[in-house]
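# Overview (structure and organization)
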Amino acid sequence: MIIFSTLGPRGSNHHFVLGQYLAAHGLAHAARITLFDDFHSGARALIAGEADYLLQCAVHPAAAEITGTYRREMAVVDAFISPSQPMALVQARDGREGAGKVGVQPATQSYADLSAWPDVVHEPTVLAVQSGLEEGRYGAGIVFASFAASRAERFEVIEPIGTVCDAWIVYGRAAIDEGRAVVWKDSPVARQFRQRVGGLPERG
């Protein structure tokens, strides 16, 4: 059994993408997922052998800090791209709830025009933004589209965002690069490169 860890709770975008990654590798049946409240806890668990791999979105605010802080004990062993869960900017139908405040996870802040709200509040996860909306602390927020769809009586979609394709990092305890770039030479973009350079045929 391989243990993969990432940022929780269940239903988070990290949890969702990790499921997609394991399915793509055919590992869903052979892996156990462990969820952490923050990436420092996840990194320490990886280093201690309590997990085999750790997944982090490359645009997460803590990505540079985690990569740098634990560079001697763990290493980047894989990277990939994956779409997120569909997202949307939503607002409470009752304009009195959380008036003037919009909640966002910092990496999502540029996904929509937030100029209508004088107070932008950062939360560590999209699920925390959803909780803030539920509790009436914000009048609006960037959340998973499924949140608004399941609570249409309280919230309305102002701007559909859809899925966002991000880069994702997988950490392990043993480096694999051997001092050179590790590149997927038959990736979709590699085929684009070959087509653009002299019309060379695709490989494979």
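Going by the structure above, here's the rest.
Conventions we followed
- Residues numbered from 1 in each chain as written.
- Predicted model: local features only at pLDDT ≥ 70, side-chain atom pairs only at ≥ 80, totals over all residues.
- Heavy atoms only, no water.
- Phe/Tyr/Trp six-rings, centres within 6.5 Å; stacked < 30°, edge-to-face > 60°.
- Helix = DSSP H or I, 4+ residues; strand = E, 2+ residues; numbered from the N terminus.
- Buried < 20%, exposed > 50% of the residue type's maximum accessible area, 1.4 Å probe, protein only.
- Contact = heavy atoms within 4.5 Å.
- Salt bridge = Lys/Arg side-chain N within 4 Å of Asp/Glu carboxyl O.

Another aspect to go through is the packing of aromatic side chains. For any two aromatic rings, the description comes down to two numbers: the centre-to-centre distance and the angle of the planes. Evaluated as defined, the whole model comprises four aromatic pairs. Seen in terms of ring centroids, Phe 4 and Tyr 21 are 6.4 Å apart; in terms of plane orientation they differ by 70°. Their pairing is edge-to-face. With Phe 4 in strand 1 (residues 2–7) and Tyr 21 in helix 1 (residues 13–24), this residue pair connects regions lying 17 residues apart in the sequence. The exposure class assigned to Tyr 21 is buried, which follows from its relative accessible area of 10%. Consider the rings of Phe 4 and Tyr 53, whose centres lie 5.2 Å apart with planes at 25°: the pair is stacked. Here Phe 4 is found in strand 1, whereas its partner Tyr 53 is found in strand 3 (residues 53–57), with 49 residues between them in sequence. For Phe 4, a relative accessible area of 5% gives the class buried. Judged by relative accessible area, which is 31%, Tyr 53 ranks as partly exposed. Through successive ring pairs, a cluster of aromatic residues spans Phe 4, Tyr 21, Tyr 53 and Phe 80.

This brings us to helix 4 (residues 126–134). Of all nine residues in helix 4, seven are buried; the element is thus mostly enclosed. Among the residues of helix 4, those classed as buried are Val 126, Leu 127, Ala 128, Val 129, Gln 130, Gly 132 and Leu 133. Packing partners of the buried residues in helix 4 comprise strand 5 (87–92), strand 6 (101–104), strand 8 (140–144), helix 5 (145–149) and strand 9 (155–162). Just downstream of helix 4, Gly 136 is the residue with a positive phi angle, here 80°.

Applying the stated rule across the entire model yields eight salt bridges. The salt bridge involving Arg 137 is made with Glu 123; its shortest N-O contact spans 3.3 Å. One end of the pair, Arg 137, is in the loop between helix 4 and strand 8; the other, Glu 123, is in the loop between strand 7 (119–122) and helix 4, and 14 residues separate them in sequence. On the basis of relative accessible area, Arg 137 is assigned to the partly exposed category, the value being 35%. Note on Glu 123: relative accessible area 14%, which makes it buried. Where salt bridges share partners, they join Glu 123, Glu 135 and Arg 137 into one cluster.

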